[in-house]
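Architecture and fold: a report
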Amino acid sequence: MEALIAIVIGVLTASGVYLSLRGRTFPVVLGLTLMSYAVNLFLFVMGRLMIGVPPVIQENASYADPLPQALVLTAIVISFGMTAFVVVLALRARAELGNDHVDGEENH
Amino acid sequence: MDHLVNHLVIAPLLLPLLAGIALLLLRGSATPMRQTVSLLATFALVVIAFQLLLQVADGSVLVYRLGDWPAPFGIVLVADRLSAMMVLLTAVLSASVILYALRGADHDARFFHVLFQMQLFGINGAFLTGDLFNLFVFFEVLLIASYGLLLYGGGADRTRAGLHYVVLNLVGSTLFLFAVGTLYGVLGTLNMADITQRLANISEEDLGVVRAAGLLLFAVFALKGALAPLHLWLPGAYGHTSAPVAAMFAIMTKVGAYAILRAHSLMFGPESGPVAGLLDPWLLPLALITVVAGTIGLMASKRLSQQAAYLVVVSAGTLLAAFGIGGAEAFAAGLYYLLHSTLAAAAVFLLADVISKARGNALDRLIPGPELARGQLLAGVFLVIALAISGMPPLSGFVGKWLILQASIGEPGMPWVFAVLLVTSLLGIMTLARSGTMLFFRIDESPTAGSQAGKPVTVIDLGSPLALALMGIGLVVYAGPVYEFSQAAAEQLLQSEAYISAVLQAATGGPQP
């Protein structure tokens, strides 16, 4: 299970890095989104993988660490807002610069 | 009264937040109304920041527990000398900048002041928080406000620079989260004081992971603080935005430098055992490379505002070089230089805008332009600010650089620090002298030039740059007390056990006196 999750995070991050290094704004935005998915998953599993246990501390019972769950909620909200912003900015750059290259010039 | 004093730590956060919300609600009202609210809030922030500084000047560490949850379970705000100094600097800078922004750069002021107050909220939060994840959140607050401010007013150049800035910072935020997640996964805490304690007792097998997380954190702070090779975004972003925004951003690279100093002196400082000195091999060499790279860019710039952006890079490098030398004396010199360089860089951005308006079509490009009405006044102010920022006696830049050089004597990096700082200072003053000559004395004689001149400069236009320059002169006149304070702040940084016990003991007692 740990290995599977680690591979998933690794693949997501690698794809995200690759896409965010592309020249067009659309793949860059997709890359940033994939990277934020990867980091959200990463934060989430930092509380260790557990199945079927409540995030509440009880006597003599195992529990899932609630803090990463709170952190990941915050991180999801922030990355969601940032993605929305960068999409709008990319559209505006497309309109103002006349193309969707990140440098605003075709011959790069 | 005692009750109020306890809440002083959170006041620099609440005031801009509430002012920002109020301004959002007031967006239908008349422009002067919104401007007045923003102006009053900013000046009130100066008063509050000064009060906070007085409270911590005796060396006490004020700890504010949000929701009264004890650290390390709850989030704490911590004000020590360094934090209070940074908050006051932010407040003073923003007051000068907003006075300038009122003269047109805020356009119809509908959203400028909202974003401006939110930016202050984020910056003050980053300076005052004692929690790593909270630091991430405040970074995001100040970044999202800065995205809006950077793009304010529009234009193709600004959009292109903005896109680069936003994408880079989003990648930076992702890396920050990876670092925070790794630290939490290994140490099980996010409170900076608690992290330091747990790092001291870390097991051998976790050491590699923690070092990786620490260096990742350093990379993120280096991106914000414009440390080479992560400084390349800065000239584009700062050089293309409006002058008041660029002047306000002069404090943004200092947020990165502050975070590096905190990590360097606390989390990877003397108290943290096996990971102590994690940043030592990186900080000084990279900082000196930043200074060189910034100076090369400065010499190659074709516009005064671009030169100002490269001056920010140079000052970021000089500042981090001082932090990289290490020890109380170097930290104190760095903090003095930080005060000077923030004010001086902001003054250059504002002055570049004044000059650009006076020169009409020539803008602030370094080409011969029309003869300026009141050119001598402008040239005089330019001379003072240029002398200050390039580090010539008798102004504050000279005192700052001299202190840094003195602190490096006897340290292993001394020859490099001397060589780099002295040569780049010489190149800097030569470049600025050339710019000044070009802007004020090389007159374009062609008949069309006269008609293209902008409107003559008034003393009111020069108010904010002059005020910032005067504060720089104040830093020289009162160099003694200011340096004493920065020395006390530096010594407090190096006694991190006091900081740690103040934060963690607030768990049992009430807020620390």
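This text gives an overview of the structure that appears in the document. Please read all numbers here as calculations on a predicted model, not as lab measurements. (Residues numbered from 1 in each chain as written. Chains lettered and ligands numbered in written order. Predicted model: local features only at pLDDT ≥ 70, side-chain atom pairs only at ≥ 80, totals over all residues. Heavy atoms only, no water.)

Points about the pattern of salt bridges
Residue and element names in this part refer to chain B.
- Overall, the coordinates contain eight salt bridges over all chains when judged by the stated rule.
- Where Arg-160 meets Asp-157, a salt bridge forms, and the shortest distance between an N and an O atom there is 3.4 Å. In this pair, Arg-160 and Asp-157 are both assigned in helix 7 (residues 156-187), three residues apart and thus about one turn of the helix distant. (Salt bridge = Lys/Arg side-chain N within 4 Å of Asp/Glu carboxyl O. Helix = DSSP H or I, 4+ residues; strand = E, 2+ residues; numbered from the N terminus.)

Details of the environment of Ala-49 of chain B
Residue and element names in this part refer to chain B.
- Here Ala-49 lies in helix 3 (residues 31-56).
- Overall, Ala-49 belongs to the buried group, its relative accessible area being 0%.
- Separated by 109 residues in sequence, Ala-49 and Arg-158 have C-alpha atoms that sit 33 Å apart.
- Dropping the residues within four chain positions of it, Ala-49 is found in contact with Val-87, Leu-88 and Ala-91. (Buried < 20%, exposed > 50% of the residue type's maximum accessible area, 1.4 Å probe, protein only. Contact = heavy atoms within 4.5 Å.)

Re the interface of chain A and chain B
- Counting residues at the interface gives 31 residues for chain A, matched by 27 residues for chain B.
- Buried area between chain A and chain B, both sides added, is near 2700 Å², and the carbon and sulfur share of it is 80%.
- Of all residues in chain A, Met-82, Phe-85 and Leu-89 of chain A bury the most surface against chain B, accounting for 20% of the area lost on that side.
- The tally of links from chain A across to chain B stands at zero salt bridges.
- Our enumeration of links across chain A and chain B arrives at seven residue pairs in polar contact (both at pLDDT 80 or more).
- Taken together, the elements giving at least two residues each to the side of chain A that touches chain B come down to helix 1 (2-20), helix 2 (25-45) and helix 3 (66-97) of chain A.
- Among the elements that make up the side of chain A that touches chain B, the one with the highest residue count is helix 3 of chain A (15 residues).
- For the side of chain A that touches chain B, the per-class residue count stands at 22 nonpolar, four polar and five charged. (Buried area = accessible area lost by both parts, 1.4 Å probe. Polar contact = N/O pair within 3.5 Å; in protein donor to acceptor, adjacent residues only side chain to side chain. Nonpolar A, V, L, I, M, F, W, Y, C, P; charged D, E, K, R; others polar.)

A closer look at the packing of aromatic side chains
- This structure, assessed with the given rule, holds 19 aromatic pairs over all chains.
- Ring geometry for Tyr-165 of chain B versus Trp-233 of chain B: centroids 5.5 Å apart, planes at 50°, classification tilted. With Tyr-165 of chain B in helix 7 and Trp-233 of chain B in helix 10 (residues 233-240), this residue pair connects regions lying 68 residues apart in the sequence. The pair Tyr-165 of chain B / Trp-233 of chain B is uniform in exposure class, with both members buried.
- Ring pairing ties together the aromatic residues Phe-85 of chain A together with Tyr-147, Tyr-165, Trp-233, Tyr-238, Phe-249 and Phe-349 of chain B, which thus form one cluster. (Phe/Tyr/Trp six-rings, centres within 6.5 Å; stacked < 30°, edge-to-face > 60°.)

A closer look at the pairing of strand 1 (residues 62-65) of chain B
Residues and elements named next belong to chain B.
- Of the two faces of strand 1, both are covered, the one formed by Leu-62 and Tyr-64 as well as the one formed by Val-63 and Arg-65.
- With four bridges connecting them, strand 1 and strand 2 (residues 76-79) associate as antiparallel partners. Note on strand 2: the bridge partner recorded for Leu-62 is Ala-79. (Pairing = 2+ DSSP bridges.)

Overview of the nonpolar core
Residue and element names in this part refer to chain B.
- Leu-132, Tyr-238, Phe-323 and Leu-378 are the most contacted members of the largest nonpolar core, which totals 214 residues.
- No other element matches helix 15 (residues 328-358), which puts 22 residues into this core.
- Not counting chain neighbours up to four residues away, the residues in contact with Leu-132 comprise Phe-176, Val-180, Leu-183, Leu-190, Met-192, Ile-195, Leu-217 and Met-267. (Core = buried A, V, L, I, M, F, W, Y, C linked by side-chain atoms within 4.5 Å.)

Here's the deal with a nonpolar patch on the surface
Residues and elements named next belong to chain B.
- On the surface, Leu-14, Leu-18, Ile-21 and Leu-25 cluster together to form a nonpolar patch covering roughly 400 Å² of accessible area.
- Counting through the fold element by element, Leu-25 comes out in helix 2 (residues 11-25).
- Residue Leu-25 is classed as exposed on the basis of its relative accessible area of 70%. (Patch = residues over 30% accessible without salt bridge, like charges linked within 9 Å, V, L, I, M, F, W, Y side chains within 5 Å. Areas by Shrake-Rupley, 256 points an atom, 1.4 Å probe, with all protein chains shown as cover.)

Some remarks on empty space enclosed by the protein
- Within this structure, the stated rule accounts for eight cavities of 30 Å³ or more.
- Empty space within the largest cavity amounts to approximately 150 Å³.
- Surrounding the largest cavity, 15 residues form its lining, Ser-36, Ser-79 and Met-82 of chain A together with Leu-170 and Thr-174 of chain B being those nearest its centre.
- Elements supplying a minimum of two residues to the lining of the largest cavity: helix 2 and helix 3 of chain A together with helix 6 (132-151) and helix 7 of chain B. (1 Å grid on protein atoms, 1.4 Å probe; cavity = no way out; pocket = protein on both sides within 12 Å on 5 of 7 lines; lining within 4 Å. Points joined across faces, edges and corners; volume = space filled by probe spheres on them.)

Focus: the packing of helix 5 (residues 112-128) of chain B against helix 6 of chain B
Residues and elements named next belong to chain B.
- Their axes nearest at 8 Å, the elements helix 5 and helix 6 cross at an angle of 155°. In terms of their interaxial angle, helix 5 and helix 6 are classed as roughly antiparallel. Two packed elements cross with a definite hand, and for helix 5 against helix 6 that hand is left-handed. The residues of helix 6 that touch helix 5, namely those facing Phe-112, Leu-115, Phe-116, Met-118, Gln-119, Phe-121, Gly-122, Ile-123, Gly-125 and Ala-126, are Leu-135, Phe-138, Phe-139, Val-141, Leu-142, Ala-145, Ser-146, Gly-148 and Leu-149. (Axes fitted to C-alpha atoms, helices over the stretch in contact; angles between N-to-C directions. Parallel < 35°, antiparallel > 145°, perpendicular 65-115°, else oblique. Left-handed = near helix turned anticlockwise from the far one by under 90°.)

Details of helix 16 (residues 375-390) of chain B
- Given a rise of 1.5 Å per residue, 16 residues ought to cover 22 Å, and the 22 Å separating the end C-alpha atoms of helix 16 of chain B matches this to within 8%.
- Trailing helix 16 of chain B by a residue or two, Gly-391 of chain B shows a phi angle of about 85°, which is positive. (Expected span 1.5 Å × (residues − 1).)

What to know about unusual backbone geometry
- The peptide bond linking Ala-228 of chain B to Pro-229 of chain B adopts the cis configuration, its omega dihedral lying at 0°.
- In this fold, Pro-229 of chain B is placed in the loop between helix 9 (207-224) and helix 10.
- Residue Pro-394 of chain B is bonded to the preceding Pro-393 of chain B through a cis peptide linkage, with omega at 5°.
- Within the secondary structure, Pro-394 of chain B is located in the loop between helix 16 and helix 17 (396-408).
- We note that Arg-48 of chain A has phi near 70°; this positive angle belongs to a residue other than glycine.

Quick notes on the packing of helix 9 of chain B against helix 12 (residues 252-267) of chain B
Residue and element names in this part refer to chain B.
- At a minimum axis separation of 7 Å, helix 9 and helix 12 run at an interaxial angle of 150°. Considering the angle they form, helix 9 stands roughly antiparallel to helix 12. When you trace helix 9 past helix 12, the crossing you get is left-handed. Along the contact surface, helix 9 presents Leu-217, Phe-218, Phe-221, Ala-222 and Lys-224, while helix 12 presents Met-252, Thr-253, Gly-256, Ala-259, Ile-260, Ala-263 and Met-267.
- By residue class, the composition of the contact of helix 9 with helix 12 is nine nonpolar, two polar and one charged.

Examining the environment of Val-186 of chain B
Residue and element names in this part refer to chain B.
- Counting through the fold element by element, Val-186 comes out in helix 7.
- Take Val-186: its relative accessible area is 26%, and that puts it in the partly exposed class.
- With 24 residues separating them in the primary sequence, Val-186 and Val-210 have C-alpha atoms 7.4 Å apart.
- Sequence-distant contacts of Val-186, defined by excluding residues within four places in its chain, comprise Ile-202, Asp-206, Val-209 and Val-210.

Quick word on the layout of surface pockets
- Of the volumes computed, that of the largest pocket is approximately 760 Å³.
- Residue assignment for the lining of the largest pocket shows that the elements contributing at least two residues are helix 1 and helix 2 of chain A together with helix 7, helix 9 and helix 10 of chain B.
- Its residues assigned to classes, the lining of the largest pocket comprises 20 nonpolar, six polar and five charged.

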